[in-house]
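Survey of secondary and tertiary structure
Now for the letters of each chain:
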Amino acid sequence: MSVPGESSHFIMAPEIRMKELNNVRIEERNPRNAAVMMLFYPKEALTHIALILRPEYEGVHSGQIALPGGKVETYDINYTKTALRETQEEVGVLMTTVEVLKPLTKVYIPPSNFWVHPFLGFTETRPDFVLQKEEVEKVIEVPLVELLDENNVTSQNLSTSYAKNIEVPSFELRGYTVWGATAMMLSELKMFLRMSMEE
């Protein structure tokens, strides 16, 4: 089953990002690569996905909601391995316990010049999360039904690292505002899940 990845990203892309992507030749910027894990697991008879809250620090992603993951290292044999390794390092989910189901569409992040490669995976039981404190403030456990609820799609007026007071499409999940690249990837996941349910 094919999901229209980029078009599902655009639903949750800030207008300023769309303009920037239209005006940039990404490969000429020699972007780095990263990978993230959309981790499904059961909790209280519901399927959940794990998001993380980044700590406050001097950087473009300070205090943001993200997916577990990080940049590709030279010893990673592929992007899947990066996503698994980073998920283990950041939130303590053992690589051997995660079954990777499929890759989703990569997303370019202009402020940090990264291609981010998302993967969908699951564990059969709820992980015992162990946080890497320098990278993760907390794990936010989101029931998939909350992600699929259209009432949780909204827009916020935000000031970001690269623009002030812009209207940004976002998800409201567990009391947190999720926007930017993470929202774009979750938008594709949401479309994939809806298409799966309709089959």
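Before reading on, note that the structure itself is shown above.
It should be emphasised that the depicted structure is a prediction, and the values quoted were computed from it without experimental measurement.

Here's the deal with the overall build of the chain
Across its full length, the chain holds five helices and 11 strands. Classification of the 199 residues of the chain by burial places 49% in the buried group. Restricting the contact set of the chain to residue pairs at least 6 apart, pairs at least 24 apart contribute 65%. Within the structure as shown, the chain displays about 10200 Å² of accessible surface, and the carbon and sulfur contribution to it stands at 49%.

Looking at the packing of aromatic side chains
Applying the stated criterion across every chain yields a total of two aromatic pairs. Taking NZ or CZ as reference, Lys106 lies 4.1 Å from the ring centre of Trp115, over its face.

Side note on the environment of Ile49
Residue position: Ile49 is located in strand 2 (residues 46–53). For Ile49 and Pro143, which are 94 residues apart along the polypeptide, the C-alpha to C-alpha distance reads 6.4 Å. Setting aside its immediate chain neighbours within four residues, Ile49 contacts Met38, Leu39, Phe40, Tyr41, Leu67, Ile140, Glu141, Val142, Leu144, Leu186 and Leu189.

What about the pattern of salt bridges?
Applying the stated criterion to the full structure yields 12 salt bridges. Of the charged contacts in the structure, one is a salt bridge between Arg54 and Glu135, with a shortest N-O distance of 3.7 Å. Of this pair, Arg54 sits in the loop between strand 2 and strand 3 (65–66) while Glu135 sits in the loop between strand 7 (114–122) and strand 8 (138–143); the two residues are 81 residues apart in sequence, bridging distant segments of the chain. On the basis of relative accessibility, which here comes to 35%, the residue Glu135 falls in the partly exposed class. Between Glu89 and Arg85 there is a salt bridge, with its nearest N and O atoms 3.1 Å apart. A residue pair is termed a helical-turn pair when its members lie 3 or 4 positions apart in one helix, as Glu89 and Arg85 do in helix 3 (residues 79–91) at four residues.

Section: the sheet that holds strand 9 (residues 153–158)
By way of backbone hydrogen bonds, the strands of a sheet pair with one another, either parallel or antiparallel. Spatially, three strands are ordered 9-10-11 in an open sheet, and the strand pairing comes out antiparallel. The open sheet has two edge strands, strand 9 and strand 11 (176–178), and neither has a second partner. On average, each strand axis in the sheet is inclined to that of its neighbour by 50 degrees, with strand direction left out of account. The sheet strands contacting helix 5 (residues 180–198) are strand 9, strand 10 (166–173) and strand 11, and the helix crosses strand 10 at an angle near 55 degrees.

A look at the side chain of His117
Mapped onto the elements, His117 comes out in strand 7. Overall, His117 belongs to the buried group, its relative accessible area being 11%.

Side note on the nonpolar core
Judged by nonpolar contacts, the single largest core of 33 residues is most densely connected at Ile49, Leu51, Leu186 and Leu189. Looking at this core, the elements with two or more residues in it are strand 1 (32–43), strand 2, strand 6 (107–109), strand 7, strand 8, helix 4 (144–148), strand 10 and helix 5. No other element matches the eight residues that helix 5 contributes to this core. Among the nonpolar cores identified, the runner-up in size contains 16 residues, and Ala35, Met37, Ile52 and Phe129 belong to it.

With respect to the environment of Met12
Within the secondary structure, Met12 sits in the loop between helix 1 (5–11) and helix 2 (15–22). Classification of Met12 as buried rests on a relative accessible area of 2%. Each C-alpha atom of the pair Met12 and Ser187 lies 6.7 Å from the other, and the pair is 175 residues apart in sequence.

Section: unusual backbone geometry
Residue Asn30 is not a glycine yet carries a positive backbone phi of 50 degrees. Residue placement: Asn30 occurs in the loop between helix 2 and strand 1. When its relative accessible area of 62% is taken as the criterion, Asn30 is described as exposed. Located in the positive-phi region is Ala45, a residue other than glycine, with phi close to 70 degrees. Counting through the fold element by element, Ala45 comes out in the loop between strand 1 and strand 2.

Criteria and thresholds
Sequence order as written defines the numbering, with residues in each chain counted from 1. Per-residue local features are limited, in this predicted model, to residues with pLDDT of at least 70; the limit for side-chain atom pairs, both in listing and counting, is 80 or more; totals at the level of whole chains, interfaces and linings are taken over all residues. Working from all heavy atoms in the structure, the side-chain values ignore hydrogens and water. A run of H or I in DSSP becomes a helix once it reaches four residues, and a run of E becomes a strand once it reaches two; helices and strands are each numbered from the N terminus. With a 1.4 Å probe rolled over the protein chains alone, any residue whose accessible area is under 20% of its type maximum counts as buried; one over 50% counts as exposed, and the rest are partly exposed. Only heavy atoms enter the contact rule, under which two residues are in contact if any of them lie within 4.5 Å. Note that accessible areas follow from Shrake-Rupley with a 1.4 Å probe, and for residues the cover is restricted to the protein chains shown. Ring pairs are drawn from Phe, Tyr and Trp, using the six-membered ring of Trp, whenever the two centres fall within 6.5 Å, and their geometry is named by plane angle: stacked under 30 degrees, edge-to-face over 60, tilted for the rest. Ring-over charges, as used throughout, are those where CZ of Arg or NZ of Lys falls within 6 Å of the ring centre and within 35 degrees of the ring normal. The term salt bridge refers to a side-chain nitrogen of Lys or Arg lying within 4 Å of a carboxyl oxygen of Asp or Glu. DSSP bridges decide pairing: two strands pair if at least two such bridges lie between them. The axes used here are C-alpha line fits, helices contributing only the stretch in contact, and every angle between their N-to-C directions lies in the interval 0 to 180 degrees. Residues belong to a common nonpolar core when they are buried Ala, Val, Leu, Ile, Met, Phe, Trp, Tyr or Cys residues joined through side-chain atoms within 4.5 Å.

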